[in-house]
Amino acid sequence: MENTKRSVVFIHGLWLAASSWQPWIDYFTARGYDARALLWPGEPTDINQARSNPDAMAGVGIEEVADFCIQQLAALEDEPIIIGHSFGGMIAEKLLGENHGSAAIAIDAAQIKGVLPLPLSSLKSTLPVFKNPANKHRAVSLDAREFRYSFGNALDEDESNTLWEKWNIPSPGQPLFEAAGANFAKNSPDEVDTSNDSRGPLLLVMGGKDHTVPEAITKSTLKQYRHSSAETDLIEFADRGHSLTIDHGWEEIAAACIDWIDKTVFHTVVEAEQTL
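What you see is a predicted model, and the numbers here were worked out from it, not measured in a lab. By convention here, each chain's residues receive numbers from 1 onward along its written sequence. Predicted model: local features are reported for residues with pLDDT of at least 70 only, side-chain atom pairs are reported and counted for 80 or more only, and whole-chain, interface and lining totals are derived from all residues. Values reported for side chains reflect all heavy atoms of the structure, with hydrogen atoms and water molecules removed beforehand.

**Some thoughts on unusual backbone geometry**
Peptide bonds are, in most cases, trans, and in most cases residues other than glycine have a negative phi. Located in the positive-phi region is Ser 86, a residue other than glycine, with phi close to 60°. Along the chain, Ser 86 turns up in the loop between β3 (81–85) and α4 (87–97). In this structure Ser 86 comes out as buried when scored by relative accessible area, which is 6%. Not every positive phi belongs to a glycine, and Asp 108 is a case in point at roughly 45°. Strands here are runs of E lasting at least two residues and helices are runs of H or I lasting at least four, both read from the DSSP assignment and numbered beginning at the N terminus. Residue position: Asp 108 is located in the loop between β4 (103–107) and α5 (120–130). For the exposure calls, accessible area comes from a 1.4 Å probe over protein chains only, and a residue counts as buried if that area is under 20% of its type's maximum, exposed if over 50%, partly exposed in between.

Structure below.
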């Protein structure tokens, strides 16, 4: 089926700016998609403004991000494919579970409610936030060393430092606190409707060397969807870390996403049209 400007939206996670998706936007646009990146509440479009005014995003939580994304989706003419990384991946899962979007791809997605494994590397990656309880209401930055551990551990130090200088911004601590307490809260914003049978297809993408979202978290996330008949797939890139959407190998990930979309999403659309 020929693609005629199908909408794709990208959602970033903590410590990366929306503009970090620009190579992906260009890549998808060149292949006929109407592609754009969604902002978080209070996020400036200019990365330098985000760095100079971290309070603009302080106190923003998961529900606020999800609602703000829904507002941006309302401006589109069709139901987009939603692609998110880290907490953006979790938001993509949440939106798809609520039947926003035709499909979703969650890349190294943050844990959702019900996921129990909490590997030590994940704890260490989030220590810059959790070391001070007051960070729940603040925006927190990573220094180059912290970024190297959380994002760039599968890269050489020079590339990790370059990515940190180019894309890193302060991010709200609240989503991490909400995710950490999700399994103890009756109504958590980190909860995703994993049993929805009517949602579109979902692809989970896993980096095998990810410190922030280790493979144990992604595999446990996949199990949460076992009661849904909707399609849920998993692709692993064994040698990749949390930086897989922005580092030198990002195009391999983008190509795999488009390949899955072509085989799964458009195949599903063709079948639905033939049934009518």
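**Here's the deal with helix α7 (residues 157–167)**
Those residues of α7 not exposed but buried are Glu 159, Ser 160, Leu 163 and Trp 167. The buried residues of α7 occupy an angular sector of 100° when the element is viewed end-on, so they sit on one face. Along α7, exposed side chains directed more than 90 degrees from the buried face belong to Asp 158 and Glu 165. Here the buried face of α7 lies against α2 (47–52) and α6 (144–150). Looking at where α7 begins, the residue whose side-chain oxygen comes 3.2 Å from the main-chain nitrogen of Asp 158 is Asp 156. Of all possible arcs, the one meant is that of the directions from the helix axis to the C-beta atoms. Whether two residues touch is decided by their heavy atoms; if any such pair falls within 4.5 Å, the residues are in contact. We define a polar contact as two N or O atoms separated by no more than 3.5 Å, with the added condition that, inside protein, one atom must be a possible hydrogen donor and the other a possible acceptor, whereas residues neighbouring each other in sequence contribute only through side-chain atom pairs.

**Examining the sheet that holds strand β2 (residues 34–38)**
The strand order across the open sheet built from six strands is β2-β1-β3-β4-β7-β8, with neighbouring strands paired in parallel fashion. Looking along the sheet, the strands with just one partner apiece sit at the ends: β2 and β8 (232–237). Each adjacent strand pair in this sheet contributes to an overall mean axis angle of 15°, direction not counted. Lines fitted to the C-alpha atoms define the axes, with helices restricted to the stretch that makes contact. Angles between their N-to-C directions range from 0 to 180 degrees. Against the sheet, helix α1 (residues 22–29) contacts β1 (7–11), β2, β3 and β4, and its axis sits at roughly 165° relative to β2. Along the sheet, helix α9 (residues 215–224) makes contact with β7 (202–207) and β8, crossing β7 at roughly 160°. Pairing between strands is defined by DSSP: at least two bridges between them are needed.

**Some points on the pattern of salt bridges**
Within this document, salt bridges are pairs made up of a side-chain nitrogen of Lys or Arg and a carboxyl oxygen of Asp or Glu, the two lying within 4 Å of each other. All chains considered together, the criterion is met by seven salt bridges. Lys 219 serves as the salt-bridge partner of Glu 215, at 3.9 Å between the closest nitrogen and oxygen. In this pair, Glu 215 and Lys 219 both sit in helix α9, four residues apart, roughly one turn of the helix. The network of salt bridges with shared partners includes Arg 240, Asp 247 and Glu 252.

**A look at α9**
Here α9 has its buried residues at Ile 217, Thr 218, Ser 220, Thr 221 and Gln 224. Around the axis of α9, the buried residues are gathered within 165° of arc, so they sit on the same side. Taken together, the buried residues of α9 touch α4, α5, β7 and β8.

**Let's talk about the packing of helix α3 (residues 62–73) against α4**
Across the interface, α3 lies against α4 with an axial gap of 10 Å and an inter-helix angle of 65°. Between α3 and α4, the crossing angle belongs to the class labelled roughly perpendicular. Both α3 and α4 take part in a crossing whose hand is right-handed. Residues Ile 62, Glu 63, Val 65, Ala 66, Cys 69, Ile 70 and Leu 73 of α3 pack against Phe 87, Met 90, Ile 91, Lys 94 and Leu 95 of α4. Just so you know the grouping, Ala, Val, Leu, Ile, Met, Phe, Trp, Tyr, Cys and Pro go in nonpolar, Asp, Glu, Lys and Arg go in charged, and all remaining residues, Gly too, go in polar. Broken down by class, the residue content of the contact of α3 with α4 amounts to 10 nonpolar, no polar and two charged. We call two directions roughly parallel when the angle between them is under 35 degrees, roughly antiparallel when it is over 145, roughly perpendicular when it lies between 65 and 115, and oblique otherwise. What makes a crossing left-handed is the near helix being turned counterclockwise from the far one by less than a right angle; a clockwise turn instead makes it right-handed.

**Overview of the confidence of the model for the protein**
pLDDT: the predictor's confidence for each residue, scored from 0 to 100. Within the protein, residue pLDDT values average 93, and 95% of them lie at 70 or more. Note on residues 268–276: pLDDT under 50 across the span, and five contacts to partners over four residues away in sequence or across chains.

**Things to note about the pairing of β7**
Where burial is concerned, most of β7 is hidden: six out of the six residues are buried. Of the two faces of β7, both are covered, the one formed by Leu 202, Leu 204 and Met 206 as well as the one formed by Leu 203, Val 205 and Gly 207. Examined bridge by bridge, β4 and β7 share four bridges and lie parallel to one another. When the sheet's bridge partners are listed, Ile 107 is paired in β7 with Val 205. As paired elements, β7 and β8 share six bridges and run parallel to each other. Paired with Leu 202 across the bridge in β8 is Thr 232. Considered for its hand, the β-α-β crossover made up of β7, α9 and β8 is right-handed. Consider the strands pointing away from the viewer: the crossover is right-handed when the path from the first strand over the helix to the second runs clockwise.

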